[in-house]
Amino acid sequence: MTPDYLICLECESPCYIFEWADEKVKEATCTVCGNDEIESFATEDEYEALTGDDRFSRSR
Ligand SMILES: [Zn+2]
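Being a predicted model, the structure only gives us computed values, none of them experimental.

*Asks:* What am I meant to see in the environment of V32 here?
*Replies:* Looking at the element boundaries, V32 is found in the loop between strand 4 (24-28) and strand 5 (41-43). For the pair V32 and C8, spaced 24 residues apart in sequence, the C-alpha to C-alpha distance is 8.9 Å. Excluding residues within four positions of it along the chain, V32 makes contact with C8, C11 and S13.

*Asks:* Hey, could you run me through unusual backbone geometry in this one?
*Replies:* Trans peptide bonds make up most of the peptide bonds, and negative phi angles are found at most residues other than glycine. Even without glycine at this site, E12 takes up a positive phi of about 60°. With respect to the element layout, E12 can be found in the loop between strand 1 (6-8) and strand 2 (14-15).

*Asks:* I keep staring at the environment of C33 and nothing clicks. Help me out?
*Replies:* Mapped onto the elements of the fold, C33 is located in the loop between strand 4 and strand 5. Ignoring anything within four residues of it in the chain, the contact list for C33 reads C8, E10 and C11.

*Asks:* What exactly am I supposed to notice about the environment of D45 here?
*Replies:* Note on placement: D45 falls in helix 1 (residues 44-50). Given 9 C-beta atoms within 10 Å, D45 falls into the exposed group. Sequence separation between D45 and P3 is 42 residues, and the spatial gap between their C-alpha atoms is 9.2 Å.

*Asks:* What should I look at first to understand the sheet that holds strand 1 in this one?
*Replies:* Strand pairing in a sheet is mediated by backbone hydrogen bonds. Such pairs are either parallel or antiparallel. If you walk across this open sheet you meet the 3 strands as 2-1-5, and the pairing is antiparallel. Of all strands in the sheet, those with a lone pairing partner are strand 2 and strand 5, marking the two edges. Where strand 1 lies against strand 2, 2 bridges are found, and the strand directions are antiparallel. Note on strand 2: the bridge partner recorded for I7 is P14.

*Asks:* Just to check I follow, could you spell out the nonpolar core for this structure?
*Replies:* Generally speaking, nonpolar side chains in soluble globular proteins are found buried as a group. Residues L6, I7, C8, C15, F18, V25, A28, C30, F41 and A42 constitute the largest nonpolar core, which totals 10 residues. Elements with a minimum of two residues in this core: strand 1, strand 4 and strand 5. If one sorts the elements of this core by residue count, strand 1 sits on top with 3 residues. Those residues in contact with F41 that sit more than four places away from it in its chain are L6, I7, C8, L9, C15, V25 and A28.

Reading guide: rules and limits
Residues numbered from 1 in each chain as written. Predicted model: local features only at pLDDT ≥ 70, side-chain atom pairs only at ≥ 80, totals over all residues. Helix = DSSP H or I, 4+ residues; strand = E, 2+ residues; numbered from the N terminus. Contact = placed C-beta atoms within 7 Å. Buried ≥ 20, exposed ≤ 12 C-beta atoms within 10 Å, placed from the backbone. Pairing = 2+ DSSP bridges. Core = buried A, V, L, I, M, F, W, Y, C linked by C-beta atoms within 7 Å.

Below, the structure written as structure tokens:
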């Protein structure tokens, strides 16, 4: 399933210009910061996993 957008991990902006194949990103370019390293993009799900609320609510 192709995500609607990827999130650029460099500037945390949604990125709509990308190529998706075989369940992962093939090419992506961030129009905000110019990042084009595919390792620096995450899907919405991956981004949530990376920045999940758990990390912040574990203060006890
Ligand atoms: Zn960016």
